[in-house]
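# Structural features, examined
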Amino acid sequence: SNGAVYPSNYVSTTKYELWNIIPKNLWEQFHRAANVWFLIVSIMQMLPAELSPTSKYATLLPLCCVLFVTFCKDAYEDYGRRRDDRRMNTQTCTLIDDSQPGGQLRSIQWKDVTVGSFLYLRRDEPVPADMVLIACSNEDGVAFVDTAQLDGETSLKPKFALEETMRI
């Protein structure tokens, strides 16, 4: 199957999974110098040597609050990314099913598009993957593609079908 040789079309932009969110988030947070500093100061305040004139928890409690609030913010943002990924992956496109007589059209989700799939796109439909234009309804074999989501340019870019296949 294609899945063994080529990566899937599944999109995942999340940073965390349920099993790694706490350790990974703490790892990221303690890469910030301020958090490391406050952790060291908190440890020093907890020592029985009475190194600090303030309470033992004067630095630890605010540090824990900052870590918790940042964790909640990061988890919420990651949940939003997961929701957007799910929305993207479950969009549908039309597949030309060459295993059926006459190449029947059927609907599939974007995540199920594989290398070698023949897709039938209509005007103004989003493109679910990197594609090669085989044929189009324009006699010249030219289709105009909006790439604003990729490169920010709002002008339509011409894409040309191969001379050998454009009249299919």
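In what follows, the structure referred to is the one given above.
Residues numbered from 1 in each chain as written. Predicted model: local features only at pLDDT ≥ 70, side-chain atom pairs only at ≥ 80, totals over all residues. Heavy atoms only, no water.

When you go through the protein residue by residue, the secondary structure sums to five helices and five strands. Reading the protein from its N terminus to its C terminus gives the helix and strand order α-α-α-α-β-β-β-β-α-β. Expressed as lengths along the three principal axes of its C-alpha atoms, the size of the protein is roughly 85 × 35 × 25 Å. Burial statistics for the protein: of 168 residues in total, 21% are counted as buried. In the protein, the share of contacts with a sequence separation of at least 24, taken over all contacts with a separation of at least 6, comes to 42%. Taken as a whole, the protein presents about 12700 Å² of accessible surface, with 61% of it coming from carbon and sulfur. (Helix = DSSP H or I, 4+ residues; strand = E, 2+ residues; numbered from the N terminus. Buried < 20%, exposed > 50% of the residue type's maximum accessible area, 1.4 Å probe, protein only. Contact = heavy atoms within 4.5 Å. Areas by Shrake-Rupley, 256 points an atom, 1.4 Å probe, with all protein chains shown as cover.)

A few words on the side chain of D85. Tracing the sequence through the fold places D85 in helix α4 (residues 60–89). Buried and unpaired, D85 has no salt bridge, with R82 as the nearest side chain of opposite charge at 6.5 Å. A distance of 2.7 Å separates a polar side-chain atom of D85 from the backbone nitrogen of T13. Among residues more than four places away in sequence, those in contact with D85 are V11, S12, T13 and T14. (Lys, Arg positive; Asp, Glu negative; His and termini not counted. Salt bridge = Lys/Arg side-chain N within 4 Å of Asp/Glu carboxyl O. Polar contact = N/O pair within 3.5 Å; in protein donor to acceptor, adjacent residues only side chain to side chain.)

Moving on, we get to the nonpolar core. Judged by nonpolar contacts, C93, L95, I108, W110, V113 and L119 together constitute the single largest core of six residues. Once residues lying within four places of it in the same chain are set aside, the contact partners of L119 are C93, T94, L95, I96, V113, P128 and M131. (Core = buried A, V, L, I, M, F, W, Y, C linked by side-chain atoms within 4.5 Å.)

Two elements in contact, helix α3 (residues 33–46) and α4, have axes whose closest approach is 9 Å; the angle formed by their N-to-C orientations is 145°. Both α3 and α4 take part in a crossing whose hand is left-handed. Where α3 approaches α4, its residues N35, F38, L39, S42 and M46 are matched on the opposing element by L60, L63, V66 and L67. For the contact of α3 with α4, the class distribution of residues is seven nonpolar, two polar and no charged. (Axes fitted to C-alpha atoms, helices over the stretch in contact; angles between N-to-C directions. Left-handed = near helix turned anticlockwise from the far one by under 90°. Nonpolar A, V, L, I, M, F, W, Y, C, P; charged D, E, K, R; others polar.)

Under the counting rule described, the total for this entry stands at 11 salt bridges. In this structure, D97 and R106 form a salt bridge, with 3.0 Å as the shortest nitrogen-oxygen distance. Taken together, the shared-partner salt bridges connect E17, D78, R81 and R82 into one network.

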